[in-house]
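What the coordinates show
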Amino acid sequence: MSSPELLSKAVPQPVVSEHYADVVFKSSDNVLFHIHRKNLETQAAAFPPSEFVTNGEIVPLTEDASTLEKLFQYVYPQRQPDIELLSFDELLKLAEAVEKYEVFHVMSACKSRFK
């Protein structure tokens, strides 16, 4: 379903990165994610709507690539990452990103994993 965008030999290639996406995000460790706005609009309430124009600019985010990779997997109709397999640190970072970007359908899964 998703096809990795060639970024650089020195930078890991994200699994969630669509060639024909209409917004590009840059992680804190300089990995680019090409994402469809419509997916964000329907799955992550805190991102601006698809009518918001970025003029092709890359949008920097504060999260690292590993966290964004997991987060963006939840905005596409595909197999979701198994939260049970995440380390505590990975889970904490994902939970913070899920809260920040309001990916509501993942919040309860993160919360129950903390118990």
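In short, a report on the structure. Starting from 1, residues in each chain are numbered consecutively following that chain's sequence as written. With the structure being a predicted model, the display of local features is reserved for residues of pLDDT at least 70 and the display and counting of side-chain atom pairs for 80 or more, all residues being used for whole-chain, interface and lining totals. Values shown for side chains rest on all heavy atoms present in the structure; no hydrogens or waters enter the calculation.

This part covers the packing of helix H2 (residues 65-73) against helix H3 (residues 88-101). Helix axes use the C-alpha atoms of the stretch in contact, all axes being lines fitted to C-alpha atoms, and the angles between their N-to-C directions lie in the range 0 to 180 degrees. Each helix is a run of H or I in the DSSP string that is no shorter than four residues. Each strand is a run of E no shorter than two, and both are numbered from the N terminus. Put simply, H2 and H3 touch, their axes get as near as 9 Å, and they point 60 degrees apart. In this view, H2 runs oblique relative to H3, as classed from their interaxial angle. Crossing hand, H2 versus H3: right-handed. For the pair H2 and H3, the contacting residues are Thr 67, Lys 70 and Leu 71 in the first and Glu 90, Lys 93, Leu 94, Ala 97, Val 98 and Tyr 101 in the second. For the contact of H2 with H3, the per-class residue count stands at five nonpolar, one polar and three charged. Put simply, angles under 35 degrees are roughly parallel, angles over 145 are roughly antiparallel, angles from 65 to 115 are roughly perpendicular, and the rest are oblique. Put simply, a crossing is left-handed when the front helix is turned counterclockwise from the back one by less than a right angle, and right-handed when it is turned clockwise. Residue contacts are defined here by distance: any two heavy atoms, one from each residue, within 4.5 Å place the two residues in contact. Basically, the charged four are Asp, Glu, Lys and Arg, the nonpolar ten are Ala, Val, Leu, Ile, Met, Phe, Trp, Tyr, Cys and Pro, and anything else, Gly included, counts as polar.

Pairing is mixed in the open sheet, where three strands are placed in the order E2-E1-E3. One side of each edge strand has no neighbouring strand; the edge strands of this open sheet are strand E2 (32-35) and strand E3 (58-60). Direction aside, the axes of adjacent strands within the sheet are offset by 30 degrees on average. Two strands pair under a simple rule: DSSP has to find at least two bridges between them. Bridge count for strand E1 (residues 23-26) against E2 is four bridges, and the pairing is antiparallel. Following the sheet pairing, Lys 26 is matched in E2 by Leu 32.

What follows is about the environment of Glu 90. The topology assignment puts Glu 90 in helix H3. Sequence spacing of Glu 90 and Ser 66 is 24 residues, and the spatial spacing of their C-alpha atoms is 8.3 Å. Discounting chain neighbours no more than four positions away, the residues touching Glu 90 are Lys 70 and Leu 85.

Quick look at the nonpolar core now. If you look at the biggest cluster of nonpolar residues, it comprises 28 residues, and the most contacted ones within it are Phe 25, Phe 33, Ile 35, Leu 40, Leu 71, Phe 72 and Val 103. Looking at this core, the elements with two or more residues in it are E1, E2, H2, H3 and helix H4 (104-114). The element best represented in this core is H3, accounting for six residues. Note on terminology: a nonpolar core comprises buried Ala, Val, Leu, Ile, Met, Phe, Trp, Tyr and Cys residues joined through side-chain atoms within 4.5 Å. Any residue under 20% of the maximum accessible area for its type is buried, any over 50% is exposed, and the rest in between are partly exposed; the area is computed with a 1.4 Å probe on protein chains only.

Okay, H3 next. Structural remark: α-helix, 3.6 residues per turn; residues separated by three or four positions point the same way. Take the number of residues in a helix, subtract one, and multiply by 1.5 Å to get its expected span. Its 14 residues give H3 an end-to-end C-alpha distance of 20 Å, which sits within 8% of 20 Å, the value for a rise of 1.5 Å per residue. Looking at the buried positions of H3, the neighbouring elements they touch are H2 and H4. One or two positions beyond H3, positive phi appears at Glu 102, with a value near 55 degrees.

Close contact between H3 and H4 brings their axes to 10 Å; oriented N to C, the two are set at 145 degrees. Considering how the two elements wind past one another, H3 and H4 form a crossing that is left-handed. Counted together, Phe 88, Leu 91, Leu 92, Leu 94, Ala 95, Val 98 and Glu 99 of H3 and Val 106, Met 107, Cys 110, Arg 113 and Phe 114 of H4 form the full contact between these two elements. Taken together, the residues of the contact of H3 with H4 sort by class into 10 nonpolar, no polar and two charged.

What follows covers the packing of aromatic side chains. Between rings of Phe, Tyr and Trp, where Trp is taken as its six-membered ring, a pair exists when centres lie within 6.5 Å; planes separated by under 30 degrees are stacked, by over 60 edge-to-face, and by other angles tilted. Per the stated rule, a full pass over the model turns up six aromatic pairs. The structure contains a cluster of three or more aromatic residues connected by ring pairs, namely Phe 25, Phe 33, Phe 47, Phe 72 and Tyr 101.

Salt bridges are identified by distance alone: a Lys or Arg side-chain nitrogen within 4 Å of an Asp or Glu carboxyl oxygen. Under the counting rule described, the total for this entry stands at six salt bridges. Lys 38 is the salt-bridge partner of Glu 41, the closest N and O atoms lying 3.9 Å from each other. Here the residue Glu 41 and the residue Lys 38 both occupy positions in helix H1 (residues 37-43), the gap between them amounting to three residues, near one helical turn. The partner of Glu 90 in a salt bridge is Lys 70, with the nearest N and O atoms 3.8 Å apart. Of this pair, Glu 90 sits in helix H3 while Lys 70 sits in helix H2, and the two are 20 residues apart along the sequence.

These figures come from the coordinates and say nothing about function on their own.
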